[in-house]
Amino acid sequence: MWKSLVAAVAMLAVSGSAHAASAVNKDAETRTLVVTEGGSKTELALAAGETVEFCQSGCFVTLPNGDLEALTGSEILEISGGVARIK
């Protein structure tokens, strides 16, 4: 029984820290986001129809149109028609 309790607590700890923003590209072409997290910048290329999770503890994202947005890690970013919308 003790092992079951420890396993349940471990699962909750892992699932509790799994919050991340997600981005979905609904366009027919690849779209690129620039993600700044913890002082480092990375380019995140999303293929047509692709969905990715990123930004687990807050970040800044440069959208395809050049706008800069701050994310907390729980948003859904949807790209359609070359325009990104945060939901």
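It should be noted that the structure appears before, not after, this text.
Now for a quick tour of the structure. Nothing here was measured: the structure is a model prediction, and the numbers come from that model.

Quick look at the nonpolar core
Step number 1: With 15 residues, the main nonpolar core has Ala-23, Leu-33, Phe-54, Cys-59, Val-61, Leu-71 and Leu-77 as its most contacted residues.
Step number 2: Contributions of two or more residues to this core are made by β1 (21–25), β2 (31–37), β4 (51–54), β5 (59–62) and β7 (76–80).
Step number 3: Ignoring any residue separated from it by four or fewer positions in sequence, one finds Ala-23 in contact with Leu-33, Leu-46, Glu-50, Thr-51, Val-52, Phe-54 and Leu-77.

Details of the sheet that holds β5
As a general point, the strands of a sheet are linked pairwise by backbone hydrogen bonds and lie either parallel or antiparallel.
Step number 1: Read across the open sheet, the 4 strands follow the order β3-β2-β5-β6; overall the sheet is antiparallel. Lying at the two open borders of the sheet, with one neighbouring strand each, are β3 (40–46) and β6 (68–71). The average undirected angle you get between the axes of adjacent strands in this sheet is 25°.
Step number 2: In terms of strand pairing, β2 meets β5 through 3 bridges, oriented antiparallel. The residue bridging Thr-36 from the neighbouring strand is Phe-60, located in β5.

Remarks on the pairing of β6
Step number 1: One ladder, built from 4 bridges, connects β5 with β6; its direction is antiparallel. From the neighbouring strand, Phe-60 faces β6, where its bridge partner is Ala-70.
Step number 2: The antiparallel hairpin formed by β5 and β6 contains 5 residues in its connecting segment, where Gly-66 sits at a positive phi of about 100°.

A short note on the state of the cysteines
Step number 1: Throughout the structure, instances matching the rule amount to 1 disulfide.
Step number 2: Note that Cys-55 is cross-linked by a disulfide to Cys-59, the S-S spacing being 2.3 Å. Across the disulfide from Cys-55 to Cys-59, rotation about the S-S bond amounts to roughly -120°, and the bridge is consequently left-handed.
Step number 3: Residue classification places Cys-55 among the buried residues on the basis of a relative accessible area of 2%.

Quick notes on the environment of Glu-29
Step number 1: The residue Glu-29 is located in the loop between β1 and β2 in this model.
Step number 2: When the C-alpha positions of Glu-29 and Gly-49 are compared, they lie 8.5 Å apart, and in sequence the two are 20 residues distant.
Step number 3: Every residue in contact with Glu-29, bar those within four places of it in the chain, is listed here: Leu-46 and Ala-48.
Step number 4: Reaching out from Glu-29, the side chain makes a polar contact with the side chain of Arg-31 at a distance of 3.3 Å.

With respect to the sheet that holds β4
Step number 1: Taken in spatial order, the 4 strands line up as β4-β1-β7-β8 in an open sheet, and their pairing is mixed. Only two strands of the sheet have a single partner each, and these edge strands are β4 and β8 (83–86). In this sheet, adjacent strand axes meet at a mean angle of 20° when their direction is disregarded.

What counts, and at which threshold
- Residues numbered from 1 in each chain as written.
- Predicted model: local features only at pLDDT ≥ 70, side-chain atom pairs only at ≥ 80, totals over all residues.
- Heavy atoms only, no water.
- Core = buried A, V, L, I, M, F, W, Y, C linked by side-chain atoms within 4.5 Å.
- Buried < 20%, exposed > 50% of the residue type's maximum accessible area, 1.4 Å probe, protein only.
- Helix = DSSP H or I, 4+ residues; strand = E, 2+ residues; numbered from the N terminus.
- Contact = heavy atoms within 4.5 Å.
- Pairing = 2+ DSSP bridges.
- Axes fitted to C-alpha atoms, helices over the stretch in contact; angles between N-to-C directions.
- Disulfide = S-S within 2.5 Å.
- Polar contact = N/O pair within 3.5 Å; in protein donor to acceptor, adjacent residues only side chain to side chain.

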